[in-house]
Amino acid sequence: MKSFIRTQASTTILDREVNEEEADRERKMRSIAILKEKGIPFLEHLKASVFESECKIPDKEVIIHRLACIFTACVQSEIYTSGQFENCREMAAEEIAQMEESYQISDWLSPEERGYLENPDKDPALHNRFGWRYECCSVLLWALSMMELKEPTEICDASELGAVMWNHTFDSLMEAAVLRSRDEILDMQDLVLRYDWACVDARVHHKEVPMLSSDIVFEWHYALNWLVQADGIADWNRVTTTT
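Rules used throughout
Residues numbered from 1 in each chain as written. Predicted model: local features only at pLDDT ≥ 70, side-chain atom pairs only at ≥ 80, totals over all residues. Heavy atoms only, no water. pLDDT = per-residue confidence, 0-100. Contact = heavy atoms within 4.5 Å. 1 Å grid on protein atoms, 1.4 Å probe; cavity = no way out; pocket = protein on both sides within 12 Å on 5 of 7 lines; lining within 4 Å. Points joined across faces, edges and corners; volume = space filled by probe spheres on them. Helix = DSSP H or I, 4+ residues; strand = E, 2+ residues; numbered from the N terminus. Nonpolar A, V, L, I, M, F, W, Y, C, P; charged D, E, K, R; others polar. Salt bridge = Lys/Arg side-chain N within 4 Å of Asp/Glu carboxyl O. Core = buried A, V, L, I, M, F, W, Y, C linked by side-chain atoms within 4.5 Å. Buried < 20%, exposed > 50% of the residue type's maximum accessible area, 1.4 Å probe, protein only.

**Quick look at the confidence of the model for the protein chain**
Argument step 1. The predicted model of the protein chain has a mean per-residue pLDDT of 92, with 93% of residues at 70 or higher.
Argument step 2. Confidence drops under pLDDT 50 across residues 1–11; counting only partners more than four residues distant or on other chains, this segment forms 30 contacts.

Below, the structure is given as structure tokens:
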């Protein structure tokens, strides 16, 4: 799922011109306390990848639009990989039409998502890639206070996500959702950054971290980095997960 290998913390993160403030150091220490409690390896001198002064959380409506687009691609992926349907393309078209009616996704799809929804047979490998993005949906629904995240070893329940998405429209979800505080989102992003570092370090050194699933952690990291605009990136397709 990751296209790069890192054995050390990124110099982009370690050598920053932006000043680390006390709140950033306190956040790091809270994350490390959790890692110690769980017995997860960590890098003591790994700074936050996003300082409070840099963080820009998208508006709630932007998060819901992004969530709906990701969810739609995930649903198509599930249709194609479940083995339950004879005419996957027809079934997917019906679900996409429902999402369009409820969330007006067509104006918000990324180029990659649009290409996948319009031509799902072009690259079968994309079914797996988009299937994992249910984990991104879980993070965005968490940010909207619509569900809690499971442990980072437990795959999210797609039916739980669907219970939210299919029983809402954009307008009703806007009304029901409550965006978590910037501090809460930053705390989670910082912790998952360190989870991802542990996963990468374990892979490089041919070890295991039984408390973490690297696939789940990667998707969480990706979604959280988009939420806090890590590296100043607001474009979903350009998000990085540097550790």
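**Some remarks on the layout of surface pockets**
Argument step 1. Of the voids in this model, the second largest pocket is the one considered here, and its volume is about 180 Å³.
Argument step 2. Along its surface, the second largest pocket is lined by 13 residues, and Val75, Glu78, Ile79, Glu95 and Tyr134 are the ones closest to its centre.
Argument step 3. Of all the elements in the fold, those that place two or more residues in the lining of the second largest pocket are α3 (60–81), α4 (88–103) and α8 (158–165).
Argument step 4. Ranked by the residues each element gives to the lining of the second largest pocket, the list is headed by α3, at four residues.
Argument step 5. Across the lining of the second largest pocket, the residue classes tally to eight nonpolar, three polar and two charged.

**Thoughts on the pattern of salt bridges**
Argument step 1. Summed over the entire model, instances satisfying the criterion amount to 16 salt bridges.
Argument step 2. For Glu112, the salt bridge is made with Arg129, and the minimal N-O distance between the two is 3.0 Å. Of this pair, Glu112 sits in helix α5 (residues 111–118) while Arg129 sits in helix α6 (residues 125–131), and the two are 17 residues apart along the sequence.
Argument step 3. A single network of salt bridges, built from pairs that share partners, joins Asp24, Arg27, Arg30, Glu52, Arg182, Asp183 and Asp187.

**Here we look at the nonpolar core**
Argument step 1. Counting 74 residues, the largest nonpolar core has Tyr103, Met165 and Leu227 as the members making the most contacts within it.
Argument step 2. Of the residues forming this core, the biggest block, twelve residues, is contributed by α3.
Argument step 3. Apart from the residues lying within four places of it in its own chain, the contact partners of Leu227 are Lys56, Ile57, Pro58, Ile63, Val139, Leu140, Ala143 and Ile185.

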